[in-house]
Amino acid sequence: MSKTILSTKTLKPHQKELVLNSGLGLVSYDAIAIQFIPFTLDLNTDYFIITSKNSAKALLNYLNLNPHKKAAFSIPICCVGTKTSGYLTDNGFTIARMAHYGKELATYITTNLKDKRFTFLAGNLRRNEIPELLAEANVSLKEIICYHTIAQPKLFERNFDGILLFSPSGVDSFTTKNSFDGAVAFCIGNTTATEAKKYTDKIIIANKPTVENVLVQAIKTLNYA
């Protein structure tokens, strides 16, 4: 009997194909939704900090609506994640530093850019690591909330062999109406895994924080279990 995984994020066609070609069954949905909100951008800063593609999209949307702020494109960005970095680069921004995790980025900033001014564009559920570490080092930081994360709980009246999880808020949304029931939790990173550990001890963390790597981990684990 073939095994089936549940993705708490709607997958792109090439990602679905990767799973289905492996012989695994797939069910996917969006456990969370993103709602962009109005904000005002002050260009009196040395660097932007962006830790998600959602924040990057919010910045680009803002600049498209406020073309007189085009000088923002000249402000370098410290970001988290290869996908976020690639999206920003493709849209004309300069990446000063890319890190895989927020703590890694904060450590770089406090070590190398301590005397600079930063503007942090984030969602309402952002983690505390960057603001707290920068505050401890007395780094100038202005924070702007540019989107809200909204849970979209959905009940599944069946069991799965693996659950793919991409954010702590996604874990919270999934567990609102479901339990793991023996399924392996495949997590995109340590922060997501920390949240998942509240509900299960069967956890595998991706080698790299990308959707594709989460899929590869699930395929390798479940096909050889």
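See the structure above.
The paragraphs below set out a description of the structure included in this document. Predicted model, so just to flag it, every value in this text is computed and none were measured.

### Notes on the packing of helix 2 (residues 53–65) against helix 3 (residues 82–90)
Contact geometry for helix 2 and helix 3: axes closest at 9 Å, N-to-C directions at 20°. When the interaxial angle is binned, helix 2 and helix 3 end up roughly parallel. With respect to the hand of their crossing, helix 2 and helix 3 are arranged in right-handed fashion. Residues Lys 53, Ala 56, Lys 57 and Leu 60 of helix 2 form the contact with helix 3, whose participating residues are Thr 84, Tyr 87 and Leu 88. Each residue belonging to the contact of helix 2 with helix 3 can be placed in one class, and the counts come to four nonpolar, one polar and two charged.

### Focus on the sheet that holds strand 7 (residues 117–123)
If you walk across this open sheet you meet the six strands as 3-8-7-4-5-6, and the pairing is mixed. Here the strands that pair on one side only, and so sit at the sheet edges, are strand 3 (32–36) and strand 6 (95–99). Neighbouring strand axes in the sheet, compared pairwise and without regard to direction, differ in orientation by 25° on average. Inspection of the sheet shows strand 3 paired to strand 8 (residues 140–151) by five bridges, in the antiparallel sense.

### Comments concerning the packing of aromatic side chains
Using the criterion set out here, one finds seven aromatic pairs in the structure. Between Tyr 29 and Phe 156, the aromatic rings sit 5.0 Å apart at their centres with planes inclined by 65°, giving edge-to-face as the arrangement. Residue Tyr 29 is located in the loop between strand 2 (25–28) and strand 3, and its partner Phe 156 is located in the loop between strand 8 and strand 9 (162–165); the two are separated by 127 residues in the primary sequence. Relative accessible area serves as the criterion here: at 7%, Tyr 29 is assigned to the buried category. Between the aromatic rings of Tyr 47 and Phe 118, the centroid separation amounts to 5.2 Å while the plane-to-plane angle is 15°, which identifies the pairing as stacked. With Tyr 47 in strand 4 (residues 47–50) and Phe 118 in strand 7, this residue pair connects regions lying 71 residues apart in the sequence.

### Things to note about the environment of Thr 89
Within the element layout of this structure, Thr 89 appears in helix 3. Residue Thr 89 is classed as partly exposed on the basis of its relative accessible area, which comes to 43%. Linking Thr 89 and Leu 20, residues 69 residues apart in sequence, is a C-alpha distance of 32 Å.

### Considerations on helix 5 (residues 129–136)
Of the positions making up helix 5, those classed as buried are Ile 130, Pro 131 and Leu 134. Projected down its long axis, helix 5 carries its buried residues within an arc of 95°, all on one side. Close packing links the buried residues of helix 5 with strand 4, helix 4 (102–112), strand 7 and strand 8. Asn 138 sits one or two residues past helix 5 and shows a positive phi near 60°.

Conventions used here
Residues numbered from 1 in each chain as written. Predicted model: local features only at pLDDT ≥ 70, side-chain atom pairs only at ≥ 80, totals over all residues. Heavy atoms only, no water. Axes fitted to C-alpha atoms, helices over the stretch in contact; angles between N-to-C directions. Helix = DSSP H or I, 4+ residues; strand = E, 2+ residues; numbered from the N terminus. Parallel < 35°, antiparallel > 145°, perpendicular 65-115°, else oblique. Left-handed = near helix turned anticlockwise from the far one by under 90°. Contact = heavy atoms within 4.5 Å. Nonpolar A, V, L, I, M, F, W, Y, C, P; charged D, E, K, R; others polar. Pairing = 2+ DSSP bridges. Phe/Tyr/Trp six-rings, centres within 6.5 Å; stacked < 30°, edge-to-face > 60°. Buried < 20%, exposed > 50% of the residue type's maximum accessible area, 1.4 Å probe, protein only. Arc of directions from axis to C-beta.

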